[in-house]
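These are the residues of each chain, in order.
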Amino acid sequence: MHPLPGRRTRLTAAVLLLTALTALTACTSSDDGDSGTKTTAGGVRLAKAGQLTTCTHLPYPPFQSEIDGKVQGFDVSLIDLVAKDLGVKQTILDTPFENFKTGAFLNSGQCDVAAAGMTITAERKKNVDFSDPYFDATQAVLVDRSSGLTSLADVKAKGAKLGAQAQTTGEDYAKKQGFDPVSFESSDAVLNGLRTGQVKAVIIDYPVVQGWLKTKANADAFKVVDNLNTGEQYGFTVKKGNTKLLAAIDKALAQARSDGTYKTLYEKWIGPYDAAAASPSAS
């Protein structure tokens, strides 16, 4: 039985339209099947097309802080190198620090990478994948110059109040040494706690203290009385299994070390260049 006149034409047109729509969908969807996920030309999965979204926790100078209305710092500059290699721009999302331990914002697709001066630990590795180490960090004990305190042991012996940033390895270290530290939400809050007398001493990553003491008023008021080598190294994190982005980060870090860019950024944001920090051992 032959079809009615015009029916074959309509069916053929419908099939062609369906084929075209299917092809268009295949071209615009991501290569990993995640709904809404965009990719760069290199196949790196990104939360939003055309940008590398970085989760951080502000402020944490010299690694990231708002300067003249723009988030800047050592971490920011290093991730800018990754973004440049991928042909996109970096955008930054300020989030609570506790989310970095769980990888919540990475898992939810809100961010591609987390950069927050974060120490690589076995516990954190359970939830996120770390880049190669990009910085060796020590913990500093900062006190008011008028306090008479001379070391972390002296702080303990005299029963002086010790402060630390919440959810950090500095706070963990203080607890392991038998302290019950006063917890502050951010590094700025830690310094303010010392400045206002809420605590007599603070323990926090040494590079942060270096940044504080660049300001004359801080240098006149406070001093470092201990520098504790706790074997800490910083790393950037991505969602578990995001191997392509991890490889892109590690490649950018290696290139920066080899071509002198790392040294330039280190001197700009942190201080006198420490060659050991440029080539940290794998953690």
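Procedures and definitions
- Residues numbered from 1 in each chain as written.
- Predicted model: local features only at pLDDT ≥ 70, side-chain atom pairs only at ≥ 80, totals over all residues.
- Heavy atoms only, no water.
- pLDDT = per-residue confidence, 0-100.
- Contact = heavy atoms within 4.5 Å.
- Phe/Tyr/Trp six-rings, centres within 6.5 Å; stacked < 30°, edge-to-face > 60°.
- Helix = DSSP H or I, 4+ residues; strand = E, 2+ residues; numbered from the N terminus.
- Buried < 20%, exposed > 50% of the residue type's maximum accessible area, 1.4 Å probe, protein only.
- Lys NZ or Arg CZ within 6 Å of the ring centre and 35° of its normal.
- Axes fitted to C-alpha atoms, helices over the stretch in contact; angles between N-to-C directions.
- Parallel < 35°, antiparallel > 145°, perpendicular 65-115°, else oblique.
- Left-handed = near helix turned anticlockwise from the far one by under 90°.
- Nonpolar A, V, L, I, M, F, W, Y, C, P; charged D, E, K, R; others polar.
- Disulfide = S-S within 2.5 Å.

### Some details on the confidence of the model for the protein
For residues with low pLDDT, the predicted coordinates do not support detailed interpretation.
Working step 1: Mean pLDDT for the protein: 84, with 83% of residues reaching 70 or above.
Working step 2: Below a pLDDT of 50 lies the segment residues 1-36, which in the model reaches 11 contacts outside its immediate sequence neighbourhood of four places, other chains included.
Working step 3: Across residues 279-283, confidence stays below pLDDT 50; counting only partners more than four residues off in sequence or on other chains, it has 15 contacts.

### Concerning the packing of aromatic side chains
Working step 1: Tallying each qualifying case throughout the model produces 14 aromatic pairs.
Working step 2: Between Phe 74 and Tyr 266, the ring centres sit 6.1 Å apart and the planes meet at 85°, which makes this aromatic pair edge-to-face. Residue Phe 74 is located in helix α2 (residues 74-86), and its partner Tyr 266 is located in helix α12 (residues 261-269); the two are separated by 192 residues in the primary sequence. Considered together, Phe 74 and Tyr 266 belong to a single accessibility category, that of buried residues.
Working step 3: Among the aromatic residues, those joined into a ring-pair cluster are Tyr 60, Phe 63, Phe 74, Tyr 134, Phe 135, Tyr 234, Phe 236, Tyr 262 and Tyr 266.
Working step 4: Over the ring of Phe 179 we find Lys 156; its NZ or CZ atom is 6.0 Å from the centre of that ring.

### Concerning the packing of α2 against α12
Working step 1: As a packed pair, α2 and α12 sit with axes 9 Å apart at the nearest point and diverge in direction by 155°. If you check the angle between α2 and α12, you find them roughly antiparallel. Classified by chirality, the crossing of α12 by α2 is right-handed. On α12, the residues touching Phe 74, Ser 77, Leu 78 and Leu 81 of α2 are Thr 261, Tyr 262, Leu 265, Tyr 266 and Trp 269.
Working step 2: Of the residues belonging to the contact of α2 with α12, the class tally is seven nonpolar, two polar and no charged.

### Details of the state of the cysteines
Working step 1: Under the definition given, this model contains one disulfide.
Working step 2: Through a disulfide, Cys 55 is tied to Cys 111; the S-S separation comes to 2.0 Å. As the torsion about the S-S bond is roughly 65°, the Cys 55-Cys 111 disulfide counts as right-handed. Of this pair, Cys 55 sits in strand β3 (residues 51-56) while Cys 111 is found in the loop between α4 (104-107) and β7 (113-114), placing the two residues 56 residues apart along the sequence.
Working step 3: By relative accessible area, which is 3% here, Cys 55 ends up buried.

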